[in-house]
Amino acid sequence: LKALLVLIALLPLGFAYYKVESAIDPIKMLYSTTGIGAVVLLLLSLVPSTCKRVCHKNFLSYRKTIGLLSFLYALLHASVFVVLDSEFDFVTIFEKSLKKPFIYVGVIAFIILLFMALTSFKKLFTRFSKYHKAVYIALLLALLHSFWAQKVAGVFEYSVIVAGAVLLIERLWSKRRSYI
Amino acid sequence: MNITPEALFNARRHFLKLGAGALVSSSAISQLLAELPKDLSLKYIPDSNPQNLTLNTLEQASNYVNFYEFSTDKEAPVKLSQKMKTSSWNVGFFGEIKTEQMLEVDDLIAKFGLEERIYRFRCVEGWSMVVPWIGFPLYKLLDYLEPNSKAKYVKFTTRHEPSMFPDQAKGIFASIKHPYVEGLRMDEARHPLTFIAVGMYGKRLLPQNGAPIRLVVPWKYGFKSIKSIDLIECVEKEPLNTWQEQNPKEYGFYANVNPSVDHPRWSQAKERLLGKLTKQATLPFNGYEKEVAGLYAGMDLRKFF
C-alpha cells in the first residue's frame, strides 16, 4: 500500500516531465507543480495524527513516507530556483535569499524540511524527533510563501491556508482538552 | 506539398455541413449560414521587423494571459471568454477634448487605418513574449479628439459588464477592484510607440487577449496595456491605476520595465521568454530605451516606479 501511495504521489512529477517541452512557461510550470506538491503533501503528512485522534484510525506509519515525499517535492522546487531560475548564479541566490522575504521564507521552510528528512532515520530520529515540531513553522512559512507567489492569491492559496488552519486548530484544541 | 489554407479549410467544412443540412431542412440551412464565422482577418501595413525579433506563436500568446475579469488563472480565461460579445463595441471618448463622443471599433479602424507592430511584451511577473500587434498609434486618435490645454493625462477604463466578465459579478470577493483603470501621461500617450491594438497575428484580437480593442505600451510592464477598453478620457490629474490602488508598495503609475528596480517580492533583472527553459536578460525600458528614455529625463526611476 505504501508503494502505491508513493506511486500516486509521484504521478504529477511524471506528468510535468512529459509536459515540460510543450509548456508555454516551463519554469513557472515546474515551480507550480513542485511547490503545490510540496505544500499539499506537507499538509497530508499532518493528517495521520489528526485521524488517530478524531476517527481513531491509525495511519501513523505513513507519516514518514508522506513527509519524505513532501521533502522530495521541496527539494525539486529549490532545484528549479537554483538551476533554472538563477542558473547557478550563487551571488544572486544569496542576495535574494537575504533580501527578499518571499524568498527567505521559502528557504527557511526548506531548511526545516531538510533537517527533518536527514533526521528521520532510526538512530538520529530518537535524538531529534522532539525537534520535529518545527514542521509547524515550516508549514506556516510554506503557506505564506505560496500566498506571496502570485500577484494576487487565488483559490488554491486560500484553500491550503484553510486546510492548514483546520489541522492546526484541531491540534490546539485536543491539547487543551488533554489538560482538562 | 498541398496545404489547404485555414480559411479554405473552414469554408469547406461549412460547405459539407450545409450539404448535410440540405437533407434535413431549409431552416437548418439558414441557421448554419448564420453561424458562418465572420472573416476575422485584417488588412494592414506589415512591420518590417528591423530588430529581427523572433515571434512567439499565436498559440503561446493566446493561451497564457492575465485577464482577471475572467480568472486569476492564466489559461482559464481562454475558455471563459469565448462567449464574449465583442462585435459592435462602442468606445466612449470623454473629458478634456473638443467633442465628447462614442465611436464603434470598426469606425476607428476606418478612420485611422491599420498597421502591424512587432513588440516585446514584458509582464511584471517575470515572463515575456514577442507579439505582432495590429492597430494604430494612439497619437492618431488623440489628434482626432483634440485634447485641450487641461488634458495632462489619458485615462483608460475596461468595460464593466458583470454578465460578460464573471469576476466583476463577485462583489467583495472579486480578485481586483473593477472596472480596471490605467493611465498614461499625455507625452507618453502621444509617443509614436504607444499603440491601440485591435488585432494580432493578422487577425482580430481573440477575446482572451483583450478583444476588441486594447492598449499596448511596449516599454512598460504588461499590466499597463489595458484590455477591452470601454472609455478613454483626457484628464487633468494623474489617474489612480488599478494595480497601484491594489498594492501601492509593489506597483506604481509609471511601471516602466526596469531590470535595476526590483519588485519587492522578486527580481526584475531577467525574464522567462515564453516557450524557453532558460532565462534572458531584461532590457531597460524593455529594449526601447533609445526611443523613450527622454520622457523620463531627470526623474528618479526608483521613486517613480
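Thresholds applied
Residues numbered from 1 in each chain as written. Chains lettered and ligands numbered in written order. Predicted model: local features only at pLDDT ≥ 70, side-chain atom pairs only at ≥ 80, totals over all residues. Heavy atoms only, no water. Helix = DSSP H or I, 4+ residues; strand = E, 2+ residues; numbered from the N terminus. Buried < 20%, exposed > 50% of the residue type's maximum accessible area, 1.4 Å probe, protein only. Contact = heavy atoms within 4.5 Å. 1 Å grid on protein atoms, 1.4 Å probe; cavity = no way out; pocket = protein on both sides within 12 Å on 5 of 7 lines; lining within 4 Å. Points joined across faces, edges and corners; volume = space filled by probe spheres on them. pLDDT = per-residue confidence, 0-100. Pairing = 2+ DSSP bridges. Salt bridge = Lys/Arg side-chain N within 4 Å of Asp/Glu carboxyl O. Buried area = accessible area lost by both parts, 1.4 Å probe. Polar contact = N/O pair within 3.5 Å; in protein donor to acceptor, adjacent residues only side chain to side chain. Phe/Tyr/Trp six-rings, centres within 6.5 Å; stacked < 30°, edge-to-face > 60°. Lys NZ or Arg CZ within 6 Å of the ring centre and 35° of its normal.

Some words on the overall build of chain B
Here is step 1: Across its full length, chain B carries 9 helices and 12 strands.
Here is step 2: Here chain B holds 305 residues, and 52% of them are scored as buried.
Here is step 3: Considering only contacts in chain B between residues 6 or more positions apart, those separated by 24 or more positions represent 70%.

Here we look at the layout of surface pockets
Residue and element names in this part refer to chain A.
Here is step 1: Within this model, the second largest pocket holds a volume of roughly 880 Å³.
Here is step 2: Taken together, 28 residues form the lining of the second largest pocket, with L46, R63, H132, V135 and Y136 sitting closest to its centre.
Here is step 3: If you list the elements that add at least two residues to the lining of the second largest pocket, you get α2 (26-45), α3 (47-54), α4 (63-85), α6 (101-118), α8 (135-148) and α9 (155-179).
Here is step 4: With 6 residues, α9 is the single largest residue contributor to the lining of the second largest pocket.

Brief notes about the confidence of the model for chain B
Low pLDDT means the predicted coordinates in that region are not meant to be read closely.
Here is step 1: Per-residue confidence for chain B gives a mean pLDDT of 91; residues scoring 70 or more make up 87%.
Here is step 2: For residues 18-24 of chain B, every residue scores under 50 in pLDDT, and the model assigns this stretch 6 contacts once sequence neighbours within four places are set aside.

Points about the pairing of strand β2 (residues 101-104) of chain B
Residues and elements named next belong to chain B.
Here is step 1: Summarising the sheet, strand β1 (residues 90-95) and β2 pair through 4 bridges and their orientation is antiparallel. The partner of N90 across the bridge, within β2, is E104.
Here is step 2: Where β1 folds back on β2, the antiparallel hairpin that results is connected by 5 residues.

Notes on empty space enclosed by the protein
All names here are of chain B.
Here is step 1: The full count for this structure, using the stated rule, is 1 cavity of 30 Å³ or more.
Here is step 2: Roughly 290 Å³ of volume is contained in the largest cavity.
Here is step 3: Looking at the largest cavity, it is lined by 22 residues, and the ones nearest its centre are N66, F67, G222, F223 and K227.
Here is step 4: At 3 residues, strand β4 (residues 127-137) tops the list of elements feeding residues into the lining of the largest cavity.

Focus on the pattern of salt bridges
Here is step 1: This model, assessed by the stated rule, comprises 20 salt bridges over all chains.
Here is step 2: A salt bridge links A:D85 to B:K279; the nearest nitrogen and oxygen atoms lie 2.2 Å apart. Taken together, the residues span two chains, with A:D85 in helix α4 and B:K279 in the loop between β11 (270-273) and β12 (280-281).
Here is step 3: The buried category is assigned to B:K279, whose relative accessible area is 17%.
Here is step 4: In this structure, B:K170 and B:D167 form a salt bridge, with 3.8 Å as the shortest nitrogen-oxygen distance.
Here is step 5: Here the salt bridges do not stand alone but share partners, grouping A:K151, B:K74 and B:E125 into one network.

Focus: the interface of chain B and chain A
The extent of an interface is frequently quoted as the accessible surface area lost upon association of the parts.
Here is step 1: Taken together, the 29 residues of chain B in the interface contact 22 residues of chain A.
Here is step 2: At the boundary of chain B with chain A, total buried surface from both sides reaches about 2000 Å², with 58% on carbon and sulfur atoms.
Here is step 3: Between the two partners, chain B and chain A, sit 11 residue pairs in polar contact (both at pLDDT 80 or more).
Here is step 4: Breaking the side of chain B that touches chain A down by element, the ones donating at least two residues are α3 (58-62), α8 (242-246) and β11 of chain B.

A few points about the environment of B:H178
Residues and elements named next belong to chain B.
Here is step 1: Examined against the element boundaries, H178 turns out to sit in the loop between β5 (153-158) and β6 (181-185).
Here is step 2: As for H178 and E161, which are separated by 17 residues in sequence, their C-alpha atoms are 9.8 Å apart.
Here is step 3: Ignoring sequence-local partners within four residues, the contact set of H178 consists of Y68, E69, H160, D167 and Q168.
Here is step 4: Polar contacts involving the side chain of H178 include one to the side chain of D167, which spans 2.7 Å.

Looking at the packing of aromatic side chains
Residue and element names in this part refer to chain B.
Here is step 1: Tallied over the entire structure, the rule returns 24 aromatic pairs over all chains.
Here is step 2: Ring geometry for F67 and F165: centres 5.8 Å apart, planes at 45°, overall tilted. In this pair, F67 sits in the loop between α3 and α4 (76-80) while F165 sits in the loop between β5 and β6, placing the two residues 98 residues apart along the sequence.
Here is step 3: When its relative accessible area of 0% is taken as the criterion, F165 is described as buried.
Here is step 4: Judged by centre distance (6.2 Å) and plane angle (85°), the ring pair of Y119 and F195 falls under edge-to-face. In this pair, Y119 is assigned in strand β3 (residues 115-122) and F195 in strand β7 (residues 195-200), connecting sequence segments 76 residues apart.
Here is step 5: The structure contains a cluster of three or more aromatic residues connected by ring pairs, namely Y153, F253, Y254, F285, Y296 and F304.
Here is step 6: Just above the ring of Y64 sits the side chain of K74; from NZ or CZ to the centre is 5.7 Å.
Here is step 7: Directly above the aromatic system of F253 lies the positively charged group of K224, at a separation of 4.3 Å from the ring centroid.

Some thoughts on α3(A)
Because each turn of an α-helix spans 3.6 residues, side chains separated by three or four positions end up pointing in the same direction.
Here is step 1: Those residues of α3(A) lying buried are A:P48, A:S49, A:T50 and A:C51.
Here is step 2: Directly after α3(A), the chain includes A:H56, whose backbone phi takes a positive value near 55°.

What about the pairing of strand β10 (residues 229-235) of chain B?
Residues and elements named next belong to chain B.
Here is step 1: Taking burial as the measure, the 7 residues of β10 include 5 buried ones, the bulk of the element.
Here is step 2: Note that β1 and β10 share 4 bridges and pair parallel. Across the sheet, F93 pairs through a bridge with I232, a residue of β10.
Here is step 3: Pairing of β5 with β10, which is carried by 6 bridges, proceeds in the antiparallel orientation. Note that in β10 the partner of K155 across the bridge is E233.

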